[in-house]
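Close look at the chain arrangement
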Amino acid sequence: MTAGEGNQLISVHPNDLKFIFELEKQSFCDLKVVNNTEHHVAFKVKTTSPKKYFVRPNTGVVQPWDSCVIRAVTLQAQREYPPDMQCKDKFLLQSTIVAPNTDVDDLPADTFNKESAKEIEECKLKVFYESPSAQGNSEDEGLKSSTEQSPDLNSAVRQLKEERDAAVRQTLQLQQELDFLKRRRQRRNDTGFSFTFASFVGLIGIMVGFLLNLSLSSPSTE
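Note that the coordinates shown come from a computational prediction; the quantities given were computed from them, not determined experimentally.

With that settled, consider the side chain of Asp 89. Following the sequence through the fold, Asp 89 ends up in the loop between β7 (67-74) and β8 (90-98). Here the side chain of Asp 89 touches Lys 52 through a polar contact of 2.9 Å, side chain to side chain. A polar side-chain atom of Asp 89 sits 2.6 Å from a polar atom in the side chain of Tyr 53.

Glancing now at unusual backbone geometry. Cis rather than trans, the peptide bond between His 13 and Pro 14 has omega equal to -5°. In this structure, Pro 14 sits in the loop between β1 (10-13) and β2 (17-20). Geometrically, the link from Arg 56 to Pro 57 is a cis peptide bond, its omega value of -10° lying close to zero. By the element assignment, Pro 57 lies in the loop between β5 (53-56) and β6 (59-62). Even without being a glycine, Glu 24 presents a positive backbone phi close to 60°. Relative to the assigned elements, Glu 24 resides in the loop between β2 and β3 (28-35). One non-glycine residue, Asp 84, adopts positive backbone phi at about 60°. Position of Asp 84 relative to the elements: it lies in the loop between β7 and β8.

Sheet architecture is open: 5 strands sit in the order β2-β9-β8-β4-β6, paired in mixed fashion. The two strands at the open ends of the sheet, each matched to only one other strand, are β2 and β6. Neighbouring strand axes in the sheet, compared pairwise and without regard to direction, differ in orientation by 25° on average. In the sheet, β8 pairs with strand β9 (residues 121-130) via 6 bridges, with the strands oriented antiparallel. When the bridges of β9 are listed, Leu 92 appears paired with Lys 124.

Here we have 4 strands laid out as an open sheet, ordered β1-β3-β7-β5, and antiparallel in their pairing. Of all the strands in the sheet, the pair left with one neighbour each is β1 and β5. Looking at each pair of strands side by side, their axes are set apart by 25° on average, direction ignored. Two strands pair when backbone bridges link them, and β5 and β7 are joined in this way by 4 bridges, in the antiparallel orientation. Of the residues in β7, the one forming a bridge with Val 55 is Ala 72.

Right, let's get into the packing of aromatic side chains. Here the structure, examined in full by the defined rule, presents 4 aromatic pairs. A centroid spacing of 5.5 Å and a plane angle of 40° characterise the contact between Phe 21 and Tyr 81, whose relative ring orientation is tilted. Of this pair, Phe 21 sits in the loop between β2 and β3 while Tyr 81 is found in the loop between β7 and β8, placing the two residues 60 residues apart along the sequence. The exposure class of Phe 21 is buried, given its relative accessible area of 5%. Taking 4.9 Å as the distance between ring centres and 55° as the angle between the ring planes, the aromatic pair formed by Phe 21 and Tyr 129 counts as tilted. Taken together, the residues Phe 21 in the loop between β2 and β3 and Tyr 129 in strand β9 connect sequence positions 108 residues apart. For Tyr 129, a relative accessible area of 12% puts it in the buried group. Above the ring of Phe 28, the side-chain terminus of Arg 71 is found at 4.0 Å from the ring centroid.

Our next topic: the nonpolar core. The biggest cluster of nonpolar side chains holds 24 residues, and the ones touching the most others in it are Leu 17, Phe 19, Ile 70, Phe 91, Leu 93 and Val 127. In terms of residues, this core owes the most to one element, β9, which gives 4 residues. Look past the residues within four positions of Leu 93 in its chain and what remains in contact with it is Ile 10, Val 12, Val 33, Phe 43, Lys 44, Val 45, Ile 70, Glu 121, Glu 122 and Cys 123.

Each value, and the rule that gives it
Residues numbered from 1 in each chain as written. Predicted model: local features only at pLDDT ≥ 70, side-chain atom pairs only at ≥ 80, totals over all residues. Heavy atoms only, no water. Helix = DSSP H or I, 4+ residues; strand = E, 2+ residues; numbered from the N terminus. Polar contact = N/O pair within 3.5 Å; in protein donor to acceptor, adjacent residues only side chain to side chain. Pairing = 2+ DSSP bridges. Axes fitted to C-alpha atoms, helices over the stretch in contact; angles between N-to-C directions. Phe/Tyr/Trp six-rings, centres within 6.5 Å; stacked < 30°, edge-to-face > 60°. Buried < 20%, exposed > 50% of the residue type's maximum accessible area, 1.4 Å probe, protein only. Lys NZ or Arg CZ within 6 Å of the ring centre and 35° of its normal. Core = buried A, V, L, I, M, F, W, Y, C linked by side-chain atoms within 4.5 Å. Contact = heavy atoms within 4.5 Å.

Have a look at this one:
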């Protein structure tokens, strides 16, 4: 029985294990186990690679219509990528009905033994590796799709961009006008200075010429 089939004692969400694979880092995956019955259900998690994963809790009892979360963690950080990011590891989740108020520490050793008279259900889970970039792309696609489904948001974004562009254009125009006024004022200052200096020099020239004419026109006293 797989995790997606109905009429089972418990259901698992998601129905497979997806680990974000990064070199030199441990990764984990959470599973939600839901009791679909009015009975107390015990579960046990097994894996084909017990030395590779740490699962807690690997055994437990879920009360009627209740749920719990199982976390699987890689024990060792991987030093190289697997071929084609493929993983052959598998998990098996066994479940069976137990007596009410049964504690996990009180479960008999043969609780999940198939040879016992109890009915034991099994749920097989596959393991998949995902790269961080793939996860980022899926998040971007989700954001893009949500944006596409929100025309009001698109309109607001366009309006903000238009207001930003208008503010930039206005700032550039004000800067150009300020530079023009500075250059104009500078030219005025330079012209005023030249005219004053020329007038002063002309006045001195007139006075010098007048004195020379006066000295040359005065009679000599011999």
